[in-house]
Structures are given as structure tokens and as C-alpha cells.
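Observations on the model geometry
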Amino acid sequence: MDIAGLEREALDALEKTKDIAALDAWHATYLGRKSRLNVFMRSIGELPLAEKKTVAPAAQATKRLLEEAYARREKYIAGSNEAAAFDVTMPAIRPVYGRLHPLTLVERSIRTIFSSMNFSVVEGPELETEKYNFDSLNIPKNHPARDMQDTLWVSTDKGTLMRTHTSPMQVRHMEKHLPPFQIIVPGRVFRNEATDASHEINFYQFEGLMVGEGISLANLKGVITGFCERFFERAVDVRFRPSYFPFTEPSVEIDIRMENGKWLEVMGGGMVHPAVLEGVGYDPAKISGFAFGGGLDRFAMIKYGITDIRLFYGADLRFNNQF
Ligand code: YSA
């Protein structure tokens, strides 16, 4: 009996078993009661003593080795059956994806459109000083115009407030740059006022400022109507109304007609007041500019047909996930 040959043959055959039935058959052939190995082992007792001493341990070692190989194979086949039991045609569990908030979508769209019109996008601090939020914009202390924007003051730091508009960035930018330039400033603003369907105490604006030689109100009109066409991707009625801001002269307010036919005020703006230009060291005889402050939430309301601004801040995923 060639034990080594039998061992090789058994291991080869074991490699080829693919399922439990084949494995059972293999066991009967190579390890079972009637297997060649078992029959041979039972006959060892009849061999001469000298032969017995070498053959018996060799046969025992082969038997152990085959038993171990069999156990490993059994585990392997059971494992691959488990994999087969996994139904690859089952629909996967759908992962829950986060989505961009509608105001984020609108802000990104505003950035993209103005960038393509050669405006730079800059940002400024939400915590502002009285100087930039009011004084430098030609709104002196005790001037009734301060009441146009009810202010949230920081009680622990005198002269500090949550900016009521993005206009302070006009002055911050002009102080550090020489014309010509054109910027927009998207950002969050804060007002101490009662909320209703079109007013929040915290909302977003985007400030626009274009300064250079020979800039006129016609440029403001062209930029705003051009922007609106691209933003809404449809023709919208835009209305420019005379208005008053201490930091523009003349001043306008801009309304857009909503789908229900009503006008919604979306922006204030005008020609930068000479006092503001002088304050940053520009010569108003040579340099002029237009500025505007758009209500970002209001643009979002018109774009998506939202009738109550407070929905944007309700954190209701049923609302947010629609965009
Ligand atoms: C004016 C002249 C400039 O040279 C530059 C900017 C401006 C606008 C000025 N800084 C301002 O804040 N004007 S405003 O108080 O009328 O607000 C501008 C826009 O913000 C409004 O037209 C409106 O669309 C939006 N807005 C104002 N209060 C709001 C609001 N949106 C939501 N909730 C509120 N409480």
C-alpha cells in the first residue's frame, strides 16, 4: 500500500468537491469504514513487527491529515453556501442622503450668476460695529433712519451689534480697494422685529456694489434686470420705485411680481451717496457707484412659490427635501 500516493490522491479529490454531497462521498471513499485507508489500517496488525513500526505511524499521520483537510473543506463549502444564500437581486436598502437647503441653493445660484457677470464674491462679519453698520453709511446717532432697522445690540460690548444688513461691507471693501471694482456680499443679517409671512428676525441678504467712473442708475437697472432673468429662468416683471436710504441718492426699492399677481419688495438700492464716497477717501466728482441690498429669502420665495418665509427656518425635512 502506497500511503503517500493515497494521501496525494485523496487531497486532489478533496479540492474538487463543490458541495456537501460530494464531500460526503469523498469521506466514504477516503476516511469511511470501508475506505482503502481504513481497510489497510485494520490489516496492519498482521504485518511483521519491524514493518508495523514504520507503517502504523505513517498511516496514522495520513489519517489525521485527511481528517483536518476534510474539516477545513467542510467549513469552506458551508461558507460559500452562505454567500449563495444572499439574494443579489434584492433591492438595496436606500441610503438617506442629505440635501442642500433651498436658501443654500439660491445663494449658490446668486454667486454663480454674479461671478459670470464679473463680480467678485466677498464676505464680512455678522458681528459688526455701530460705526460700519450705521455711522459710515451716513446714518448718524439719533437719526430717525436708524429706526428703519430694529437692531439687536450686544449687551456686553458697547457699540457692537448683529449686522442689520450687508451694507457695512460696502465701506469695509471701499476702505481697502480702489475703483473700479464690482462685488457682491451674500450673508446673514439680524433684525429685532416681529415676524410675519415675509419677515424673519434672521434672514439673508446679498449686497451688490459697483464703483468706477461714469457708473449710473442705468447700470443698476441693467445689472438687476439681467440678473433676474437668469435667476428665475423666465421673464419676470421688475419694478423700480423711488425710495429713501441715507447712504444712496437717489434711492430705489425694487419689487417683483409674484405668480399670484402681487408685488413683493426684494431689494433696496441706489447711487452711493457722495458722503459715503468721501468717507472712504474717494472723490465724488470723479467716482460714482451703485449699490443694492437684495433679500435672498424673498428671491427664494418667488423662485419656488413659497408663501411664508418662516418655512425656511422650520427645519422640517418634509419641506426641505422638496428642493
Ligand atoms: C439700500 C441701498 C444700498 O446702497 C444698498 C443696500 C440697500 C438695502 C438696505 N441695506 C436694506 O437693508 N434695505 S431693506 O431694509 O429694505 O432690506 C433690503 C431687502 O431685504 C428688502 O427689500 C427685503 O427683500 C429684505 N428684507 C428686509 N427685511 C426683511 C427682509 N427679508 C426677510 N425678513 C425681513 N425681516
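Basis of the calculations
Residues numbered from 1 in each chain as written. Predicted model: local features only at pLDDT ≥ 70, side-chain atom pairs only at ≥ 80, totals over all residues. Heavy atoms only, no water. Helix = DSSP H or I, 4+ residues; strand = E, 2+ residues; numbered from the N terminus. Rg over C-alpha atoms; globule rule 2.2 N^0.38 Å. Contact = heavy atoms within 4.5 Å. Areas by Shrake-Rupley, 256 points an atom, 1.4 Å probe, with all protein chains shown as cover. Lys, Arg positive; Asp, Glu negative; His and termini not counted. Charge placed at Lys NZ, Arg CZ, Asp CG, Glu CD. Near = heavy atom within 4 Å. Polar contact = N/O pair within 3.5 Å; in protein donor to acceptor, adjacent residues only side chain to side chain. 1 Å grid on protein atoms, 1.4 Å probe; cavity = no way out; pocket = protein on both sides within 12 Å on 5 of 7 lines; lining within 4 Å. Sits in = over half its atoms within 2 Å of the grid points. Salt bridge = Lys/Arg side-chain N within 4 Å of Asp/Glu carboxyl O. Points joined across faces, edges and corners; volume = space filled by probe spheres on them. Nonpolar A, V, L, I, M, F, W, Y, C, P; charged D, E, K, R; others polar. Pairing = 2+ DSSP bridges. Axes fitted to C-alpha atoms, helices over the stretch in contact; angles between N-to-C directions. Buried < 20%, exposed > 50% of the residue type's maximum accessible area, 1.4 Å probe, protein only.

1. Describing the overall build of the protein chain
A tally of helices and strands in the protein chain yields 11 helices and nine strands. For a compact globule of 323 residues, the expected C-alpha radius of gyration is about 20 Å, and the protein chain comes in at 41 Å, more than 25% above that figure. Overall size of the protein chain, expressed as C-alpha extent along the three principal axes, is 125 × 45 × 40 Å. A sequence separation of at least 24 residues applies to 65% of the contacts in the protein chain between residues at least 6 apart. With the model as given, the accessible surface of the protein chain reaches about 18100 Å², and the carbon-plus-sulfur share is 54%. Side chains of the protein chain carry 39 positive and 42 negative charges; the gap between the two charge centres is 7 Å.

2. Considerations on the site of the ligand
Around the ligand, a shell composed of 26 residues is seen, among which His165, Ser167, Arg191, Glu193 and Glu265 lie nearest. Between Glu265 and the ligand, the recorded distance is 2.5 Å, taken from a side-chain N or O atom to an oxygen atom. Met267 is positioned with one of its backbone polar atoms (N or O) 3.2 Å from an oxygen atom of the ligand. When the ligand sits alone it has 690 Å² of accessible area, and the protein chains cover 96% of it. More than half of the atoms of the ligand fall within 2 Å of the grid points belonging to the largest pocket.

3. Quick word on the pattern of salt bridges
The full count for this structure, using the stated rule, is 12 salt bridges. Salt-bridge contacts for Arg257 lead to Asp237; the nearest nitrogen and oxygen are separated by 2.9 Å. With Arg257 in strand 7 (residues 248-257) and Asp237 in the loop between helix 8 (217-232) and strand 6 (238-245), the pair connects residues that are 20 residues apart, well separated along the chain. A single network of salt bridges, built from pairs that share partners, joins Arg239, Arg241, Glu253 and Asp255.

4. Describing the layout of surface pockets
In this model, the largest pocket occupies a volume close to 550 Å³. Elements with a contribution of two residues or more to the lining of the largest pocket: strand 5 (202-212), strand 7, strand 8 (263-272), strand 9 (288-295) and helix 10 (296-304). Counted by class, the lining of the largest pocket contains nine nonpolar, 12 polar and eight charged residues. Approximately 210 Å³ is the volume attributed to the second largest pocket. Lining the second largest pocket are 13 residues, and of these Met258, Glu259, Asn260, Ile306 and Thr307 lie nearest its centre. When its residues are assigned to classes, the lining of the second largest pocket shows six nonpolar, four polar and three charged.

5. Brief notes about the sheet that holds strand 4 (residues 181-190)
Pairing within the open sheet is mixed, and its seven strands lie in the order 1-4-5-9-8-7-6. In the strand order of this sheet, the two ends are held by strand 1 (120-121) and strand 6, each with one partner. Contacting strand 5, strand 6, strand 7, strand 8 and strand 9, helix 8 runs over the sheet at an angle of about 35 degrees to strand 9.

6. Re empty space enclosed by the protein
Enumeration according to the criterion identifies one cavity of 30 Å³ or more in this entry. Estimated volume of the largest cavity: approximately 40 Å³. Lining the largest cavity, in full, are Phe134, Ile139, Ala145, Met148, Gln149, Phe245, Pro246 and Phe247. Here the residues of the lining of the largest cavity sort into seven nonpolar, one polar and no charged.

7. Structural notes on unusual backbone geometry
In this structure, the amide linkage connecting Pro179 to the following residue, Pro180, adopts the cis form with an omega of 5 degrees. Mapped onto the elements, Pro180 comes out in the loop between helix 7 (168-176) and strand 4. For the bond from Glu249 to Pro250, the omega torsion is -5 degrees, close enough to zero to count as cis. Tracing the backbone through its elements, the reader meets Pro250 in strand 7. The phi angle at Asn138 is positive, at roughly 65 degrees, despite the residue not being glycine. Relative to the assigned elements, Asn138 resides in the loop between helix 6 (130-133) and strand 3 (160-162). The phi dihedral of Asn142 falls on the positive side, at around 65 degrees, and the residue is not glycine.

8. Regarding the pairing of strand 4
Among the 10 residues in strand 4, eight count as buried, and that is most of the element. Bridge count for strand 1 against strand 4 is two bridges, and the pairing is parallel. Its bridge partner lying in strand 4, Val121 is registered against Ile184.

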